[in-house]
Amino acid sequence: ETGVTQSPTHLIKTRGQQVTLRCSSQSGHNTVSWYQQALGQGPQFIFQYYREEENGRGNFPPRFSGLQFPNYSSELNVNALELDDSALYLCASSFSYGRGGEQFFGPGTRLTVL
Amino acid sequence: SQKIEQNSEALNIQEGKTATLTCNYTNYSPAYLQWYRQDPGRGPVFLLLIRENEKEKRKERLKVTFDTTLKQSLFHITASQPADSATYLCAPPSSSNTGKLIFGQGTTLQVKP
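Residues numbered from 1 in each chain as written. Chains lettered and ligands numbered in written order. Predicted model: local features only at pLDDT ≥ 70, side-chain atom pairs only at ≥ 80, totals over all residues. Heavy atoms only, no water.

> Requested: an account of the pattern of salt bridges, with residues and values cited.
Residues and elements named next belong to chain A. Summed over all chains, the structure comprises 10 salt bridges over all chains. With a closest N to O distance of 3.5 Å, Arg-57 and Glu-54 form a salt bridge. For Arg-57, a relative accessible area of 30% puts it in the partly exposed group. Beyond isolated ion pairs, a larger network of salt bridges with shared partners links Arg-63, Glu-82 and Asp-85. (Salt bridge = Lys/Arg side-chain N within 4 Å of Asp/Glu carboxyl O. Buried < 20%, exposed > 50% of the residue type's maximum accessible area, 1.4 Å probe, protein only.)

Written as structure tokens, this is what we have:
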């Protein structure tokens, strides 16, 4: 069984650029959630995808968008990068949602915006 | 709005002692609560889930309690070891979307040999 993988591991961008982060879910999981984690803070929920549809969104502006593909892998896109977007971006997969199931996190992508 | 509070100060204890971490929540009543462990530079790892109708849950040296009257969960590690040193995150679900977890800021535990 393959765990959750994310790419790239690290990324450096400049303000105003766009970035795409990728996540491959654990085998058998149909739900993906994305989180942003600033240094010293807990993860903040960005949005969740269930069977390719967005299923809930946190307090993030529309320049944060996502996709889930038929194989349940996912992308997080961030447009018009700002300095405050520098953080660890975590992807978590689970089987279904709302049932209290554990979420399996990937190792994260460290994004630095200069 | 829903608020999750964990002790932001690091907890330093001696090997072999019991570590107790606190998670308080306000303005709602979650149906369950999860605890995660996070090591530096890595994603969180699920440890335990406790539901509102369960007072206590155990897994090996870990014990979690859930007091819905006090709106508090306690996370205990007995016979602590240096390998238990990490940040521990409390995560109940959002009241509006139970698939969305609301994480506390985490408490860093340091176990000294």
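> Tell me about the nonpolar core, and name the residues and values.
Core analysis: the largest hydrophobic core is formed by 23 residues, its most contacted members being Ile4(B), Leu33(B), Trp35(B), Phe75(B), Ile77(B), Tyr88(B) and Leu109(B). Only strand S3 (19–26), strand S4 (32–38), strand S5 (45–51), strand S7 (62–67), strand S8 (72–77), strand S9 (86–91) and strand S10 (107–112) of chain B provide two or more residues apiece to this core. Per element, the largest residue contribution to this core is 4 residues, and it comes from S3(B). Within the second largest apolar cluster, 19 residues are counted, among which are Val19(A), Phe47(A), Tyr49(A) and Phe64(A). (Core = buried A, V, L, I, M, F, W, Y, C linked by side-chain atoms within 4.5 Å. Helix = DSSP H or I, 4+ residues; strand = E, 2+ residues; numbered from the N terminus.)

> Could you give an account of the sheet that holds S5(B), naming the residues involved and the relevant values?
Residues and elements named next belong to chain B. The strand order across the open sheet built from 5 strands is S2-S10-S9-S4-S5, with neighbouring strands paired in mixed fashion. Sheet topology places strand S2 (11–14) and S5 at the edges, where each strand pairs with a single neighbour. Across the sheet, the mean angle from the axis of one strand to that of its neighbour is 25°, orientation sign disregarded. Pairing of S9 with S10, which is carried by 3 bridges, proceeds in the antiparallel orientation. Residue Ala-86 lies in a different strand from S10, and its bridge partner there is Leu-109. (Pairing = 2+ DSSP bridges. Axes fitted to C-alpha atoms, helices over the stretch in contact; angles between N-to-C directions.)

> Help me get a handle on the state of the cysteines, residues and values and all.
Residues and elements named next belong to chain B. The tally for this structure, following the rule as stated, stands at 2 disulfides over all chains. Paired through a disulfide, Cys-23 and Cys-90 show a sulfur-sulfur distance of 1.8 Å. Between Cys-23 and Cys-90, the S-S torsion sits near -40°, and that sign places the bridge as left-handed. Within this pair, whereas Cys-23 is found in strand S3, its partner Cys-90 is found in strand S9, the two being separated by 67 residues in sequence. One exposure class covers both Cys-23 and Cys-90, and it is buried. (Disulfide = S-S within 2.5 Å.)

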